[in-house]
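# Working through the structure, step by step
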Amino acid sequence: MRNLVIAVFVACLGAVLYLVLNFFVFERQKPIFQSLSSLPTHWNLKDDLSLRFSDESGIRSYSVEVLLDSQILFSQGEVVLNKPKNFTLSLPKPLTELKDGTTLVYKVCVSDWSNTNFFAGNTTCVDVSLIIDTSAPQIEILARSPKISRSGSAFVLFKVKDLALDSVTLSNGKNEFRAFRHHFDGIVLAPDEAVYGAFVAWPLENVLFEGRIKAVDKAANSAQIALNFPKNLTAPIRKSNIRLKPEFLESKLRSLLEQISNVSYEGFADDKERFLFINEQARSRDSKQILEATTTTISNKSYIPYGISPFSALKNAVVVGYFGDERSYYLDKNLVSVVYHMGLDLASVRNAPIFASNGGVVILRQYLGLHGNTAVIYHGFGLSSLYAHMSDSTLKVGDEIESGDIIGYTGSSGWAFGDHLHLEILVQGHAVSVQEWSNPKWVQESINAVFEQARARLLEQNMLRGQAK
Ligand SMILES: [Zn+2]
């Protein structure tokens, strides 16, 4: 009896001592799970997926249970050697073959070397759900432009088949282009299929064009196919020499510098410095803003779902400057600057109305240093059009416009020699030959025929699928 009392007393003392130690001495910080945000939702079973844990007292052991439909498929666990403070666990791959689309749940628990919890240590458990996806996306070109020219554009519509796509992009060998989801009315696609379209540019400054479409899914499976356009390598470059007259410089530069520069007219050393400020500094500032608008604010919405009309913004217009003109500016007899003209200059009467040739949404509406009063309209599939040197425009960013609407009125705001419209066409930030986009034959063959051919191809596939059922 006495022995029993002593035994109980010792046991109680031990318990109290343990509780005291547990609360005041034993480390009670659970292992920290480090990598929650970077985990994918899908797994190709090829790449290693790992979870990282850290703990000050060191990691003692881990266990993994893999569940399929709430049943344990397999489990694994062991004591970790050397008490590591940082521990990386590679998720074990299932040994049996599983169908794509199967969801596996990994229940992972990691314990540390603390004596708390009756010497079992602190434990952190995480559940990770992963959808098995071992197949790469399949890309099928439905239709594309018959060719591409240097400084020009081309169009492609294609189908991608995959369980869970992550990104679809095009490349010209140097620059990347986003592809845009497209829906054709009356076309039924399988649930894992989607149609994409994009304009792709071959900018004047690139010597080569190597077209490619790339699709990557959420399990990092990727597929690529070549976009083999026949190529026309000659860029439409015309050289022109512009002599800057002192009277013109005096009147134009004074008012323009007042508007756009912090430095006054007198603050510049001479006309050459004033001119270079406008033609180079203001130009590059404009370019940054235009690039930003035409690459980051563009959306999946297409205002040109069935094709486009040739761009002809002015009625009875005369072309006074072409895209790709290499302009050499002279002051007295000295060459001061050489720039490429990236738009088409059109002139008719003063303050002539500028018409929208295609529907779109206004993505930039601002006074820019070189371009003056400017509007940029986004049409879809990465295509934007820019209207510069306007005297007036009532448009605001976000306004949706339809073909035939008035964009504004021509003028000579910004760095303009006389009342005219500077029209630019941009494909995801790259200025391209406007001559193509204002040519009805090119527009029909390179754009509108592509919509028609892609639609015909999808209809045919719909019919074949219907017959197969
Ligand atoms: Zn121009």
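Our subject in this report is the structure included herewith. Since this is a predicted model, take the numbers as computed values, not measurements.

## Here's the deal with the coordination of the zinc ion
Within the protein, His341 (NE2), Asp345 (OD), Asp345 (OD) and His422 (ND1) serve as the donor atoms for the zinc ion, at 2.0 to 2.8 Å. One way to put it: the four donor atoms around the zinc ion meet at angles of 52 to 153°, and that makes the site irregular. Between consecutive donor residues of the zinc ion, the sequence gaps follow H-x3-D-x76-H. In this structure, histidine 341 and aspartate 345 share a single accessibility class: buried.

## Side note on the state of the cysteines
Summed over the entire model, instances satisfying the criterion amount to one disulfide. Sulfur-sulfur distance for the disulfide between cysteine 109 and cysteine 125 comes to 2.0 Å. Looking down the S-S bond of the cysteine 109 and cysteine 125 bridge, the torsion is 110°, so its handedness is right-handed. Of this pair, cysteine 109 sits in strand β7 (residues 103-112) while cysteine 125 sits in strand β8 (residues 123-132), and the two are 16 residues apart along the sequence. Here cysteine 109 falls in the partly exposed class, since its relative accessible area comes to 21%.

## Observations concerning the environment of isoleucine 59
Checked against the element boundaries, isoleucine 59 lands in strand β4 (residues 59-68). With relative accessibility at 0%, the residue isoleucine 59 sits in the buried group. Between the C-alpha atom of isoleucine 59 and that of phenylalanine 180, which follows or precedes it by 121 residues, the distance is 47 Å. Excluding residues within four positions of it along the chain, isoleucine 59 makes contact with Pro31, Phe53, Ser54, Val80, Lys83, Pro84, Phe87, Val110, Ser111, Asp112 and Trp113.

## Section: helix α3 (residues 246-260)
For α3, spanning 15 residues, the distance from its first C-alpha to its last is 20 Å, which sits close to the expected 21 Å at 1.5 Å a residue. Within α3, the axis deviates most sharply at leucine 253, by approximately 25°. Those residues of α3 that fall on the buried side of the exposure criterion are Leu249, Lys252, Leu253, Leu256, Leu257 and Ile260. Of the surrounding elements, those touching the buried residues of α3 are β19 (239-244), α4 (271-296), β21 (326-331) and β25 (360-368).

## Some thoughts on the pairing of strand β23 (residues 344-347)
The alternating pattern of β23 places Leu344 and Leu346 and Asp345 and Ala347 on opposite faces, both of which are buried. Judged from the three bridges that link them, strand β20 (residues 318-321) and β23 form a sheet pairing that is antiparallel. The residue bridging valine 319 from the neighbouring strand is leucine 346, located in β23. Note: β23 against strand β30 (residues 421-427), three bridges, orientation antiparallel. When the bridges of β30 are listed, aspartate 345 appears paired with histidine 422.

## Structural notes on the pattern of salt bridges
Opposite charge on two side chains permits pairing when their charged atoms draw close. Per the stated rule, a full pass over the model turns up 16 salt bridges. With its nearest N and O atoms 3.2 Å apart, the salt bridge here joins glutamate 250 to arginine 254. Linking glutamate 250 with arginine 254, this pair stays in helix α3, spanning four residues, or about one helical turn. A relative accessible area of 28% places arginine 254 in the partly exposed class. For the salt bridge of aspartate 399 with lysine 396, the shortest nitrogen-to-oxygen distance reads 3.6 Å.

## Points about the packing of aromatic side chains
By the definition in use, this model includes 18 aromatic pairs. Ring centres of phenylalanine 158 and tyrosine 196 lie 6.0 Å apart, and the angle between their planes is 20°; on these two criteria the pair is classed as stacked. In this pair, phenylalanine 158 is assigned in strand β11 (residues 153-161) and tyrosine 196 in strand β15 (residues 193-201), connecting sequence segments 38 residues apart. Members of the aromatic cluster, each reached through a chain of ring pairs, are Phe155, Phe199, Phe311, Phe381, Trp437, Trp442 and Phe451. When the ring centre of tyrosine 265 is taken as reference, the NZ or CZ atom of arginine 274 above it lies at 3.8 Å. Sitting above the plane of the phenylalanine 355 ring, lysine 315 keeps its charged end 4.2 Å from the centroid.

## Details of the pairing of β8
Here β8 shows one buried face, formed by Thr124, Val126, Val128, Leu130 and Ile132, and one open face, formed by Thr123, Cys125, Asp127, Ser129 and Ile131. Taken together, the two bridges between strand β2 (residues 42-43) and β8 define a ladder with parallel strand orientation. Its bridge partner lying in β8, histidine 42 is registered against isoleucine 131.

## Side note on α4
In this model, α4 (26 residues) spans 36 Å end to end at C-alpha, consistent with the 38 Å of a helix rising 1.5 Å per residue. A bend of about 30° at phenylalanine 277 is the largest found in α4. Inspection of α4 places Asp271, Arg274, Phe275, Phe277, Ile278, Asn279, Ala282, Asp286, Ile290, Ala293 and Thr294 among the buried residues, and these make up the whole buried set.

## Re the side chain of threonine 374
As for its position among the elements, threonine 374 is in strand β26 (residues 372-380). At a separation of 2.8 Å, a polar atom in the side chain of threonine 374 contacts the main-chain carbonyl oxygen of glycine 372. Those residues within four positions of threonine 374 in sequence are excluded, and the remaining contacts are Leu364, Arg365, Gln366, Leu368, Leu386, Tyr387, Ala388 and Met390.

## Observations regarding the sheet that holds β19
One open sheet holds the three strands; their spatial order is β19-β21-β22, and the pairing between them is mixed. The open sheet terminates on both sides in strands that have one partner only, identified here as β19 and β22 (334-340). When strand polarity is set aside, the average angle formed by the axes of neighbouring strands in this sheet is 25°. Pairing analysis gives six bridges linking β19 to β21, with the strands arranged parallel.

## Details of the side chain of lysine 252
As for its position among the elements, lysine 252 is in helix α3. For the buried lysine 252, which has no salt bridge, the nearest side chain bearing the opposite charge is aspartate 419, at an N-O separation of 10 Å. Among the polar contacts made by the side chain of lysine 252, one reaches the main-chain carbonyl oxygen of glycine 414 at a distance of 3.0 Å. The contacts of lysine 252, once residues within four sequence positions are left out, are Ser412, Gly414, Trp415 and Ala416.

Criteria and thresholds
- Residues numbered from 1 in each chain as written.
- Predicted model: local features only at pLDDT ≥ 70, side-chain atom pairs only at ≥ 80, totals over all residues.
- Heavy atoms only, no water.
- Donors = N, O, S within 2.8 Å, 3.2 Å for Na, K, Ca; no water.
- Tetrahedral: all angles 85-135°; square planar, octahedral: opposite > 155°, others 65-115°.
- Buried < 20%, exposed > 50% of the residue type's maximum accessible area, 1.4 Å probe, protein only.
- Disulfide = S-S within 2.5 Å.
- Helix = DSSP H or I, 4+ residues; strand = E, 2+ residues; numbered from the N terminus.
- Contact = heavy atoms within 4.5 Å.
- Expected span 1.5 Å × (residues − 1).
- Bend = angle between axes of the 7 residues up to and from the residue.
- Pairing = 2+ DSSP bridges.
- Salt bridge = Lys/Arg side-chain N within 4 Å of Asp/Glu carboxyl O.
- Phe/Tyr/Trp six-rings, centres within 6.5 Å; stacked < 30°, edge-to-face > 60°.
- Lys NZ or Arg CZ within 6 Å of the ring centre and 35° of its normal.
- Polar contact = N/O pair within 3.5 Å; in protein donor to acceptor, adjacent residues only side chain to side chain.
- Axes fitted to C-alpha atoms, helices over the stretch in contact; angles between N-to-C directions.
- Lys, Arg positive; Asp, Glu negative; His and termini not counted.

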